[in-house]
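# Structural overview for review
What follows is each chain in one-letter form.
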Amino acid sequence: MSPQELAEKVGQQIGTSEWVEMSQDRINKFADATGDHQFIHIDEEKAKMTPFGGTIAHGFLTLSMIPYLGAKSDMPKIDGVKMGVNYGGNKTRFISPVRSGKRIRGHWKLVEMIEKRPGQWQQTSEITMEIEGEEKPALICEWITQIFV
């Protein structure tokens, strides 16, 4: 699909990812990588005494899953992409905690697709991270990617 063809889908849902488990091992590795060892993430016994009832994923771990889930989604692929670069996010809200062992998946809605200059496009998508079996999502944000073709 060309960038111009994708731009015609503004306002539409453009993809859903596979389900991915947020395992305790993934949470622990993220804690080690970031230095965020707060007990609600890594101490299963102490975390049982919180309103969460157990350990939860870091909000930023959930947010950082966007590229991974995007790659495992049915979103249309743009022809001739040389690279895509994360540009940032808007309106990021962590709605519900993701408990260890739960599965998440992403849903993408295309908000904007504009050509910044020849061969460079800026894609803004509203991303909702669904938690399997839960009413409220883990997070909702607008994510901006620079796409070079």
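Look a little higher up for the structure.
None of the values given here were measured: they were computed from a predicted structure. (Residues numbered from 1 in each chain as written. Predicted model: local features only at pLDDT ≥ 70, side-chain atom pairs only at ≥ 80, totals over all residues. Heavy atoms only, no water.)

### Some details on the environment of Glu5
Within the secondary structure layout, Glu5 lies in helix α1 (residues 3-7). It is 13 Å that separates the C-alpha atoms of Glu5 and Met75, two residues lying 70 residues apart in sequence. (Helix = DSSP H or I, 4+ residues; strand = E, 2+ residues; numbered from the N terminus.)

### Side note on the environment of Gln12
Positionally, Gln12 belongs in the loop between α1 and β1 (13-16). The spacing of Gln12 and Val111 is 99 residues in sequence and 7.9 Å in space, taken between C-alpha atoms. Sequence-distant contacts of Gln12, that is, excluding residues within four places in its chain, are made with Trp108, Lys109 and Leu110. (Contact = heavy atoms within 4.5 Å.)

### What to know about the packing of aromatic side chains
With the rule as written, the count across this model stands at one aromatic pair. Ring plane angle 75° and centroid distance 5.7 Å describe the contact between Phe60 and Phe94, whose orientation is recorded as edge-to-face. In this pair, Phe60 is assigned in helix α5 (residues 59-64) and Phe94 in strand β3 (residues 83-94), connecting sequence segments 34 residues apart. With a relative accessible area of 58%, Phe60 lands in the exposed category. A cation over a ring is seen here: Arg26 above Tyr68, with NZ or CZ 5.8 Å from the ring centre. (Phe/Tyr/Trp six-rings, centres within 6.5 Å; stacked < 30°, edge-to-face > 60°. Buried < 20%, exposed > 50% of the residue type's maximum accessible area, 1.4 Å probe, protein only. Lys NZ or Arg CZ within 6 Å of the ring centre and 35° of its normal.)

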